[in-house]
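Working through the structure, step by step
Spelled out, the chains give:
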Amino acid sequence: MDAMRPLRWVAVGGAAVVALVVVAAVVAYATIDTQAIARYAADEVSRVTGRRVDARGPVSIAFWPRLAVVAHDVTIANPPGASRPEFARAGVVRGGVATWPLLVSRRVVADGIEIEGLDLLLETLPGGRGNWQFAEVRVPAGAEPGTSATAAVPVTLAGAIRIVDAKLAWRPPEGGDATVIAIPRFEVAPGGGGRFAWQGTLQHEGTRWTLVATTGDPTMALRGRVPVEIDAKLAGGGVTLTAKGRAEQRDTGPAAVLDASVVWDAGSERMARWAPDLASEAGRVSARIDARDGRYAFGAIAGAFAGTKVDGNLEVDTKGGVPRIGGRLHADTVDLVRERPSARAAD
């Protein structure tokens with residue numbers, strides 16, 4: 001009997017710990033103001049993007065399979081002049097919450113976010129600015145963080161962001177039908193050395209695409225207008241596109257310097273739609289792209305397709321009413337040359 005006494009004490013201690021955790025969870029559920037958490041999170045996103053963010057539906061706490069805050073009918077507003085009030089809307093947003101910081105210090109540490117039923121519309125506004133270009137938000141000098149009423153609930157975001165059953169639509173500036181891309185699943189997760197891993201699947205016009213990429217911290221790019229490093233591969237329908245380089249958001253719009261390539265298989269289903277004359281044989285084209293201020297420079301062009309090898313450079317200026325093209329392309333024994341004034345595509 002004496003030999004069994006330590007085991008009984010272990011069992012009693014274990015039961016007490018379990019009971020304590022259960023009671024603490026119940027107390028947390030009863031005392032935490034979930035609406036305050038939702039308001040604070042919405043204020044943070046609004047501060048970063050410069051757009052109004054609302055959780056119109058109920059906000060609740062779920063305990064299975066992990067502690068999570070669940071918000072319904074979440075929207076991000078569009079700027080004036082857009083075709084609809086919302087830039088993005090989601091049916092459900094779930095934020096996984098780390099239990100220990102919540103119980104010990106009432107800090108909300110979101111260890112992951114899942115967005116279900118996202119509906120995102122990209123379009124060019126009447127003034128020529130894209131609705132995806134968020135306003136730069138500056139913090140007033142001397143302002144203390146957390147001065148709003150909702151700042152009583154500290155929130156930290158960590159872990160992966162997952163998007164499930166989403167739809168992305170692009171409305172061309174000249175009008176016409178929108179291009180719609182279905183996104184069954186997509187994930188962005190922090191990795192080592194400040195890098196982020198992106199992976200997911202996209203569906204467009206019957207083709208299933210797979211994206212695998214790594215970048216720098218995208219939130220830093222949004223907050224501070226700093227360049228973000230990109231290394232991406234998109235494959236589908238017998239076509240593989242790659243891009244590696246740097247992109248940033250400027251006051252005049254997005255800018256990028258990328259080493260890019262397109263490679264396709266013989267009989268590629270997607271190439272048969274894009275360029276039927278090139279689909280029968282395998283091919284490839286690569287170039288360094290320097291894009292900024294409505295100008296695009298394609299340097300070090302190299303390609304092989306349809307029995308022909310191509311090299312040269314192109315420069316396209318779209319800032320005027322009609323795009324201007326300059327540069328030189330060499331296809332085996334044929335030189336195609338076109339010059340225009342001010343042919344520099346990037347200053």
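Here the structure is shown first, and the text comes after it.
Conventions we followed
Residues numbered from 1 in each chain as written. Predicted model: local features only at pLDDT ≥ 70, side-chain atom pairs only at ≥ 80, totals over all residues. Heavy atoms only, no water. Helix = DSSP H or I, 4+ residues; strand = E, 2+ residues; numbered from the N terminus. Buried < 20%, exposed > 50% of the residue type's maximum accessible area, 1.4 Å probe, protein only. Contact = heavy atoms within 4.5 Å. Core = buried A, V, L, I, M, F, W, Y, C linked by side-chain atoms within 4.5 Å. Pairing = 2+ DSSP bridges. Polar contact = N/O pair within 3.5 Å; in protein donor to acceptor, adjacent residues only side chain to side chain. Phe/Tyr/Trp six-rings, centres within 6.5 Å; stacked < 30°, edge-to-face > 60°. Salt bridge = Lys/Arg side-chain N within 4 Å of Asp/Glu carboxyl O.

Bringing the overall build of the protein chain into the picture now. Scanning the protein chain from N- to C-terminus turns up five helices and 18 strands. In the protein chain, which comprises 347 residues, the proportion classed as buried is 34%. The long-range share in the protein chain, meaning contacts at least 24 apart out of those at least 6 apart in sequence, stands at 42%.

This part covers the nonpolar core. By size, the foremost hydrophobic cluster in this structure holds 35 residues, and its most contacted members are F87, L118, I163 and F186. Taken together, the elements giving at least two residues each to this core come down to strand 2 (59-62), strand 3 (68-77), strand 4 (86-97), strand 6 (119-123), strand 7 (155-171), strand 8 (179-190), strand 9 (196-204) and strand 10 (207-215). Ignoring anything within four residues of it in the chain, the contact list for F87 reads R51, I76, A77, N78, D119, L120, L121, L122, N131, W132 and F134. If you look at the next biggest cluster of nonpolar residues, it comprises five residues, including V228, A243, A256 and L258.

In regular strands, side chains alternate between the two faces of the sheet. The pairing of strand 10 with strand 11 (residues 228-236) spans six bridges and is antiparallel. For A213, the partnering residue across the bridge sits in strand 11 and is A232. As paired elements, strand 11 and strand 12 (residues 239-250) share nine bridges and run antiparallel to each other. Pairing of A232 across the sheet is with A243, part of strand 12. Where strand 11 folds back onto strand 12 in an antiparallel hairpin, the turn is made up of two residues, including G237, whose phi is positive at roughly 60 degrees.

So, about the side chain of N78. Examined against the element boundaries, N78 turns out to sit in the loop between strand 3 and strand 4. Polar side-chain contacts of N78 include one of 3.0 Å to the side chain of N131. Contact partners of N78, with chain neighbours within four places excluded, come to R51, R84, P85, E86, F87, E123 and N131.

Summarising the element assignment, I115 is placed in strand 5 (residues 108-116). For I115, a relative accessible area of 17% gives the class buried. Considering only alpha carbons, one finds I115 and G95, 20 residues apart in sequence, at a separation of 8.8 Å. Dropping the residues within four chain positions of it, I115 is found in contact with A90, V92, V93, I161, R162, I163 and V164.

Before going further, it helps to spend a moment on the packing of aromatic side chains. Under the defined criterion, the tally for this structure stands at four aromatic pairs. When the ring of F186 is compared with that of W198, the centres are 6.1 Å apart and the planes differ by 70 degrees; the resulting orientation is edge-to-face. Residue F186 is located in strand 8, and its partner W198 is located in strand 9; the two are separated by twelve residues in the primary sequence. A relative accessible area of 11% places F186 in the buried class. For the pair W209 and W274, a centre-to-centre distance of 6.1 Å together with 20 degrees between the ring planes defines the contact as stacked. Placement of the pair is W209 in strand 10 and W274 in helix 5 (residues 269-274), with a sequence separation of 65 residues. Its relative accessible area of 7% is what places W209 among the buried residues.

Once that is clear, we can look at the environment of T201. Looking at the element boundaries, T201 is found in strand 9. Judged by relative accessible area, which is 15%, T201 ranks as buried. Separated by 33 residues in the primary sequence, T201 and L234 have C-alpha atoms spaced 9.4 Å apart. The residues contacting T201, other than those within four sequence positions of it, are A182, I183, P184, R185, R208, W209 and T210.

Our focus in this paragraph is the environment of G96. Here G96 shows up in strand 4. For the pair G96 and I61, spaced 35 residues apart in sequence, the C-alpha to C-alpha distance is 9.7 Å.

Where side chains of opposite charge bring their charged atoms close, a pairing between them can arise. Inspection of the entire model under this criterion finds 15 salt bridges. Two residues, R292 and D290, come together in a salt bridge whose shortest N-O distance is 3.0 Å. By the burial criterion, R292 is buried, and D290 matches it. Linking R295 and D317 is a salt bridge whose minimum nitrogen-to-oxygen distance equals 3.7 Å.

Any functional reading would require information that these geometric values do not contain.
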